[in-house]
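Architecture and fold: a report
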Amino acid sequence: MIEALESYSRQMAEDLFSVFPDWEHFLTVVAEDGLNFFRVEVPPSPGGKNGPLGITSLYNEEITVYFGSCHRHYASILPSAEESAGAISFIQQLLSEERVVVSYLCSGDNVIKDGVFSGSAVLVSEIPDANYEYYYANALRVRSWKGTYDNDFPAPYVSSKPIH
């Protein structure tokens, strides 16, 4: 199946499978505009509330990694001249739960249909305990790959962040 991919996508898939060979069975080929890209969606970890972890080459000859409400774009899977860490570093940080996804939620809003106002991946040491970021958000959702740090809690906006 990997042979059917465009050159860039094939190389990126091969690089991904060089680190995670058991993920090859999660590979799907996505055809768009006569070109074949890849998508790999790793099912949620047992105990985790979020998933899948996705990696795709579908957009503009770049790699997109997504988990929960967060996604990031990379030039390559492995470290390269253009990108010193590559996507693999971010993927490994998510899998090891060094990073988690924090979503700022806005319930009862007619414009924000899914309730997620903003989502980002942060280091575990930087998980917020309150909402100092977004006026419109009223709750926080934390999701980690294994579920260790999963948490949902009310978090109305607090205008002044304490200084530690």
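Summary of the structure given here. (Residues numbered from 1 in each chain as written. Predicted model: local features only at pLDDT ≥ 70, side-chain atom pairs only at ≥ 80, totals over all residues. Heavy atoms only, no water.)

Thoughts on helix H2 (residues 86-95)
Most of H2 is tucked away, with eight of its ten residues classed as buried. Within the sequence span of H2, burial applies to Gly86, Ala87, Ile88, Phe90, Ile91, Gln93, Leu94 and Leu95. Looking one or two residues past H2, Glu97 carries a phi angle of roughly 65 degrees, positive in sign. (Buried < 20%, exposed > 50% of the residue type's maximum accessible area, 1.4 Å probe, protein only. Helix = DSSP H or I, 4+ residues; strand = E, 2+ residues; numbered from the N terminus.)

Considerations on the environment of Phe37
Following the sequence through the fold, Phe37 ends up in strand E2 (residues 35-42). Overall, Phe37 belongs to the buried group, its relative accessible area being 12%. Separated by 41 residues in sequence, Phe37 and Leu78 have C-alpha atoms that sit 18 Å apart. For Phe37, the contacting residues outside a window of four places in its chain are Leu5, Ser9, Thr28, Val29, Val30, Glu32, Ser57 and Leu58. (Contact = heavy atoms within 4.5 Å.)

A look at unusual backbone geometry
Cis geometry marks the peptide bond from Gly51 to Pro52; its omega dihedral reads 0 degrees. In this structure, Pro52 sits in the loop between E2 and strand E3 (53-56). A positive phi angle, near 55 degrees, is found at Asp33, a position not held by glycine. Assignment of secondary structure puts Asp33 in the loop between strand E1 (27-32) and E2.

Concerning the nonpolar core
Leu16, Trp23, Phe38, Leu53, Ile55, Ile63 and Ile91 are the most contacted members of the largest nonpolar core, which has 30 residues in total. Of all the secondary-structure elements, those providing two or more residues to this core are helix H1 (7-19), E2, E3, strand E4 (63-67), strand E5 (70-74) and H2. Look past the residues within four positions of Ile63 in its chain and what remains in contact with it is Tyr8, Met12, Phe38, Ile55, Thr56, Ser57, Arg72, His73, Tyr74, Ser76, Ile77 and Ala87. Core analysis: the next-biggest nonpolar cluster, separate from the first, contains nine residues, Val102, Tyr104, Ala137 and Val142 among them. (Core = buried A, V, L, I, M, F, W, Y, C linked by side-chain atoms within 4.5 Å.)

Remarks on a nonpolar patch on the surface
A grouping of Tyr135, Tyr136 and Tyr157 is seen on the molecular surface, where their side chains present a nonpolar patch of about 390 Å² in accessible area. Looking at the secondary structure, you find Tyr157 in the segment after strand E9 (151-154). (Patch = residues over 30% accessible without salt bridge, like charges linked within 9 Å, V, L, I, M, F, W, Y side chains within 5 Å. Areas by Shrake-Rupley, 256 points an atom, 1.4 Å probe, with all protein chains shown as cover. Salt bridge = Lys/Arg side-chain N within 4 Å of Asp/Glu carboxyl O.)

Digging into the layout of surface pockets
Its boundaries defined by the atoms lining it, the largest pocket holds a volume of some 280 Å³. Looking at the largest pocket, it is lined by 14 residues, and the ones nearest its centre are Glu126, Pro128, Tyr132, Glu133 and Lys161. Breaking the lining of the largest pocket down by element, the ones donating at least two residues are strand E6 (99-105) and strand E7 (116-123). Residue composition of the lining of the largest pocket, grouped by class: eight nonpolar, two polar and four charged. (1 Å grid on protein atoms, 1.4 Å probe; cavity = no way out; pocket = protein on both sides within 12 Å on 5 of 7 lines; lining within 4 Å. Points joined across faces, edges and corners; volume = space filled by probe spheres on them. Nonpolar A, V, L, I, M, F, W, Y, C, P; charged D, E, K, R; others polar.)

Looking at the environment of Leu27
For Leu27, the location among the structural elements is in strand E1. Look at Leu27 and you get buried, because its relative accessible area is 5%.

Quick notes on the sheet that holds E2
As summarised here, the arrangement of the five strands in space is E1-E2-E3-E4-E5, forming an open sheet in which the pairing is antiparallel. Both edges of this open sheet fall to E1 and E5, since each of them pairs with a single strand only. On average, each strand axis in the sheet is inclined to that of its neighbour by 20 degrees, with strand direction left out of account. Across four bridges, the pairing between E3 and E4 is antiparallel. Of the residues in E4, the one forming a bridge with Gly54 is Tyr66. Against the sheet, H1 makes contact with E1, E2, E3, E4 and E5, and its axis sits at roughly 25 degrees relative to E2, the strand it touches most. (Pairing = 2+ DSSP bridges. Axes fitted to C-alpha atoms, helices over the stretch in contact; angles between N-to-C directions.)

Remarks on the side chain of Arg99
Here Arg99 is to be found in strand E6. An unpaired buried charge is present at Arg99: no salt bridge exists, and Glu126, the closest side chain of opposite charge, is 5.7 Å distant. Polar contacts involving the side chain of Arg99 include one to the side chain of Gln93, which spans 2.7 Å. When near neighbours in sequence (up to four residues on either side) are disregarded, Arg99 contacts Arg72, Phe90, Gln93, Leu94, Ala121, Val122, Leu123 and Val124. (Lys, Arg positive; Asp, Glu negative; His and termini not counted. Polar contact = N/O pair within 3.5 Å; in protein donor to acceptor, adjacent residues only side chain to side chain.)

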